[in-house]
Amino acid sequence: MPVSSGVRKRIKELLDPDDEIHYVFPADIFGSTNPSVFFAVTRKTITILTTGYLSRKTPKRVVSVTLRNRRIGPVETETTPWFEFNGIVYEVDDEYVAVVHAADAEILRTKPEDPLPDL
């Protein structure tokens with residue numbers, strides 16, 4: 001199920017107003033007592049937002065911001081899909097694996113070499 005427009009709106013309120021959200025997906029921190037987070041992949045950053053203890057569906061505050069110059073995955077899918085980002089293991093539902101891959105594909109795009117560099 002896609003992340004709702006209400007959740008996206010709340011996330012947008014917590015981000016830089018000049019930034020643009022490209023992808024949003026929920027994840028759980030493996031082995032944590034407060035596991036639920038949202039990843040917001042924007043034009044400038046990869047921002048992780050915690051949901052707090054009482055609700056897994058409402059972003060409360062930003063806990064991490066990383067520049068948008070790196071991958072999130074790869075996602076391991078042999079069991080429950082998971083990936084490691086900034087040294088923390090996150091689990092995602094099967095339906096969000098494609099979102100992680102799309103975000104990674106966006107950053108991995110390379111510009112073609114200039115065919116006439118001397119001009």
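Refer to the structure printed above.
The structure contained in this document is the topic of the report that follows. (Residues numbered from 1 in each chain as written. Predicted model: local features only at pLDDT ≥ 70, side-chain atom pairs only at ≥ 80, totals over all residues. Heavy atoms only, no water.)

All right, on to the sheet that holds strand E6 (residues 88–91) then. Spatial ordering of the open sheet is given by E4-E3-E2-E1-E6-E5, a layout of six strands whose pairing is antiparallel. Pairing within the sheet leaves two strands with one partner each, and these edge strands are strand E4 (61–67) and strand E5 (82–85). Between one strand and the next, the sheet's axes are offset by a mean angle of 35 degrees, whatever the strand orientation. Pairing analysis gives five bridges linking strand E2 (residues 36–42) to strand E3 (residues 45–50), with the strands arranged antiparallel. Its bridge partner being in E3, Phe-38 is matched across the sheet by Leu-49. (Pairing = 2+ DSSP bridges. Helix = DSSP H or I, 4+ residues; strand = E, 2+ residues; numbered from the N terminus. Axes fitted to C-alpha atoms, helices over the stretch in contact; angles between N-to-C directions.)

Let's shift gears to the pairing of E3. Buried residues dominate E3, accounting for six of its six residues. Along E3, one buried face is formed by Thr-45, Thr-47 and Leu-49 and the opposite face, lined by Ile-46, Ile-48 and Thr-50, is buried too. In this sheet, E4 lies alongside E3 in antiparallel orientation, the contact comprising six bridges. When the bridges of E4 are listed, Thr-50 appears paired with Arg-61. (Buried < 20%, exposed > 50% of the residue type's maximum accessible area, 1.4 Å probe, protein only.)

For the rest of this paragraph, the subject is the nonpolar core. In this structure, Ile-11, Phe-25, Phe-39, Ile-72, Phe-83, Phe-85 and Tyr-90 are the most contacted members of the largest nonpolar core, which totals 26 residues. Top contributing element to this core by residue count: E2, with five residues. Not counting chain neighbours up to four residues away, the residues in contact with Tyr-90 comprise Ala-27, Asp-28, Ile-29, Val-37, Phe-39, Ile-48, Pro-81, Trp-82, Phe-83 and Phe-85. (Core = buried A, V, L, I, M, F, W, Y, C linked by side-chain atoms within 4.5 Å. Contact = heavy atoms within 4.5 Å.)

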